[in-house]
Amino acid sequence: MKHFAISMILLLYAFKVSAQIDTTSYPAELKELKALIHQPLRLDCNDFIAVGPKGDISFSFRQWKAVQAKEKLVFKSVQPVPGNEYIRIYDGKMAVVNFLIDVKLLVDGRDVNIKVRRLEVYHKGAEGWCRVAGQGTEVDENLFPIESEDHPGN
């Protein structure tokens, strides 16, 4: 029984350590990526893939825009919500970025305001950072209220 208790304590400690988000490694890259997600346009890699809110897949920004036009959807504005960015960098060349955006749309002639949680993957090459993949999910604020508290990674 004593060995079981020790094993459980070690397992819980290992889980706690692995669940941490590293917010201090690669400070220059963190700064670059944080600035990048606040720009209106992002540079996509040649092998970029996007998954839309209905599960549709686009292999370029042009394809993604065509899907939006088909749905009679026009982006009026997209603004990141400060304090809701989580950036994890791996080996200084790959990054997983999760952030919240406030989106104002025109859908089939009517105004729609939503919050969207973005998950994007970036790669750093000779020319700098480019986006490899991205997906957005609308946040149901009735089920998951957006809080203004500080989060890890900010």
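The present account deals with the structure reproduced in this document.

Basis of the calculations
Residues numbered from 1 in each chain as written. Predicted model: local features only at pLDDT ≥ 70, side-chain atom pairs only at ≥ 80, totals over all residues. Heavy atoms only, no water. Helix = DSSP H or I, 4+ residues; strand = E, 2+ residues; numbered from the N terminus. Buried < 20%, exposed > 50% of the residue type's maximum accessible area, 1.4 Å probe, protein only. Contact = heavy atoms within 4.5 Å. Areas by Shrake-Rupley, 256 points an atom, 1.4 Å probe, with all protein chains shown as cover. Pairing = 2+ DSSP bridges. Axes fitted to C-alpha atoms, helices over the stretch in contact; angles between N-to-C directions.

For the rest of this paragraph, the subject is the overall build of the protein chain. A tally of regular secondary structure across the protein chain gives three helices and six strands. Expressed as a percentage of its 154 residues, the buried residues of the protein chain come to 28%. Nonlocal contacts in the protein chain, meaning residues at least 24 apart in sequence, comprise 52% of its contacts between residues at least 6 apart. Here the protein chain has roughly 10,800 Å² of accessible surface; of this, 60% comes from carbon and sulfur atoms.

The next subject is the pairing of strand E5 (residues 110–125). Here strand E4 (residues 94–107) pairs with E5 via 14 bridges, running antiparallel. Bridge pairing in E5 places Asp 102 opposite Lys 115. Both E5 and strand E6 (residues 128–138) contribute to a ladder of ten bridges, which runs antiparallel. Across the sheet, Gly 125 pairs through a bridge with Gly 128, a residue of E6. Between E5 and E6, which pair antiparallel one after the other, the connecting turn spans two residues.

Relative to the helices and strands, Gly 128 resides in strand E6. Gly 128 sits in the partly exposed class, given a relative accessible area of 21%. Each C-alpha atom, one on Gly 128 and one on Glu 32, is 9.4 Å from the other, the two residues being 96 residues apart in sequence.

With mixed pairing, the six strands of this open sheet are ordered in space as E2-E1-E6-E5-E4-E3. Each edge of the open sheet is held by one strand with a lone partner, namely strand E2 (57–58) and strand E3 (73–90). Sheet topology places strand E1 (residues 44–51) next to E2; two bridges connect them, and they run antiparallel. Across the sheet, residue Val 51 finds its bridge partner in E2, namely Ile 57. The strands touched by helix H2 (residues 27–37) within the sheet are E3, E4, E5 and E6, with E3 carrying the most contacts at an inclination of about 170°.

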